[in-house]
Amino acid sequence: MTRREGPPDEAARDLLRHHGDTTPRALRALGVDPSQVLDLGVNISPFGPSPGVLAAVRAADVRAYPDRGATQAREALGASLGRPADEVLLGNGAAELIWSAVRALVPDGACLLVLGPTFSEAHAAAHACGRRVVEVRAREEDLFEPPLDAWVTALARERPALVYVCHPNNPTGRALDFLSLTGLVADHPGTTFLVDQAFLSLSERHAESAHRLPPNALVVRSLTKDHALAGLRVAYALGAPALLARVAAQSAPWSVSSLALAAAIATTAPEAEAHLTIVRERWLAQRRELEGLLTQAGLAHVPSLTVFGLVRVPHADDVRTQLVQRHGFLVRSCTSFGLPGYIRVRASDQNARFVAALTRVLTAPPSR
């Protein structure tokens, strides 16, 4: 299904800028003590950063301006990936890189093609720039399997300047196989593909991180999910030097702090890479356990490749409120993704308790 979108109304604009985080103030308004809540709606590693990354952050010199060119960080990341430093660009989180890419790569009169339902930042950035957005959505009846044929048809019809594809996708946890993704990009050399790999390292497809996409792809990877660095805001993009230069021209100077640069360098150390391997194995095992428990409980869900997944519910906003008020579990309502019948849940060491709580919420008689 393809949906064209013009300028959003106020309600749609709010949805585009909505994320899974809930403030302590909002929780207190629901009568909930924030300290008693387990947040399963934000996909940050519950295992924390590695000791080496934390030590690097604490040792960073905050007295001087950070290196505007992020030279050491680009060299370290590039070396760890087998790429030259000029194919790496640092950013103040993936969202900044996505917004900069949309501003740089979707000229006036061109359109952005979004492969949805998906993370909203590319969509929001295009609307902020007054650019047209076309969305091709995966279908619920296909368990949100990426509709490759529909994407190809939309590419031929719309001839977009930029395509946003989240791989694996947030919130569905689904993804094209790598050969299909590579073929899609290679078959459309006149179009730039913004490939958001924020959750690739935390997925069953993590080995793809070592593979290159064609030169018309701009890959964005977050360090905040797997290394638990959300407070530092740090991510990087991979691409051809000329493409990265266009994106960099849209970024503010000194947008990446010295602490974030130190953390980025430290994530390439063997100790940090070993830590990430352990995090991935434990978290993916928890996701498999969660899916098994949901199946045993007869709760409909979407098979995922990463550490979170979709669960079918009658009304996501209501279920979310009941879970946090009655049981202390905070999940992501997917209404803002256009999926009001789903919640997104990250796996945790409390899977069994969560599934029991969700079952009670879904089977409780309606309040009078």
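Before any of the text, the structure's been laid out above.
Presented here is an overview of the structure given in this document. (Residues numbered from 1 in each chain as written. Predicted model: local features only at pLDDT ≥ 70, side-chain atom pairs only at ≥ 80, totals over all residues. Heavy atoms only, no water.)

The subject of this paragraph is the pattern of salt bridges. Across all of its chains, the model carries 15 salt bridges by this definition. Put simply, D61 and R63 hold a salt bridge, and the shortest N to O gap is 3.0 Å. Given the relative accessible area of 38%, D61 is considered partly exposed. In this structure, the salt-bridge partner of R287 is E204, at a minimum N-O distance of 2.9 Å. Of the two residues, R287 is situated in helix α11 (residues 270–296) and E204 in the loop between β7 (192–196) and β8 (217–222); the sequence distance between them amounts to 83 residues. Looking at R287, the relative accessible area reads 6%, which means it is buried. (Salt bridge = Lys/Arg side-chain N within 4 Å of Asp/Glu carboxyl O. Buried < 20%, exposed > 50% of the residue type's maximum accessible area, 1.4 Å probe, protein only. Helix = DSSP H or I, 4+ residues; strand = E, 2+ residues; numbered from the N terminus.)

Along the chain, E158 turns up in helix α7 (residues 148–158). The exposure class of E158 is buried, given its relative accessible area of 10%. A distance of 3.1 Å separates the side chain of E158 from the side chain of R157, its partner in a polar contact. (Polar contact = N/O pair within 3.5 Å; in protein donor to acceptor, adjacent residues only side chain to side chain.)

Once that is clear, we can look at empty space enclosed by the protein. The full count for this structure, using the stated rule, is two cavities of 30 Å³ or more. Quantified by volume, the largest cavity comes out at close to 110 Å³. Around the largest cavity, the lining is made up of 15 residues, and of these P146, W151, C166, N169 and R174 lie nearest the centre. Mapped onto the lining of the largest cavity, the elements with two or more residues apiece are β4 (111–116) and β6 (162–166). Among the residues making up the lining of the largest cavity, the classes are represented as ten nonpolar, four polar and one charged. Volume-wise, the second largest cavity comes out at about 60 Å³. Forming the walls of the second largest cavity are R287, L290, E291, L294, H301, V302, S304, F308, G309, L310 and V311. Counting only elements with at least two residues in the lining of the second largest cavity, the list comes to α11 and β10 (308–312). Each residue belonging to the lining of the second largest cavity can be placed in one class, and the counts come to six nonpolar, three polar and two charged. (1 Å grid on protein atoms, 1.4 Å probe; cavity = no way out; pocket = protein on both sides within 12 Å on 5 of 7 lines; lining within 4 Å. Points joined across faces, edges and corners; volume = space filled by probe spheres on them. Nonpolar A, V, L, I, M, F, W, Y, C, P; charged D, E, K, R; others polar.)

What follows is about the nonpolar core. Counting residues in each nonpolar core, the largest one holds 40 residues, and the members touching the most others are L90 and L113. For L113, the contacting residues outside a window of four places in its chain are V134, V136, A154, L155, P160, L162, V163 and Y164. A94, A101, Y164 and L218 belong to the second-largest nonpolar core, a separate cluster that totals 31 residues. (Core = buried A, V, L, I, M, F, W, Y, C linked by side-chain atoms within 4.5 Å. Contact = heavy atoms within 4.5 Å.)

With an omega of -5 degrees, the peptide bond running from G116 to P117 counts as cis. As for its position among the elements, P117 is in the loop between β4 and α6 (121–128). N170 connects to P171 through a cis peptide bond whose omega is 25 degrees. If you trace the backbone, P171 turns up in the loop between β6 and α8 (178–186). Not every positive phi belongs to a glycine, and F144 is a case in point at roughly 60 degrees. Structurally, F144 is set in the loop between β5 (132–137) and α7. Take F144: its relative accessible area is 3%, and that puts it in the buried class.

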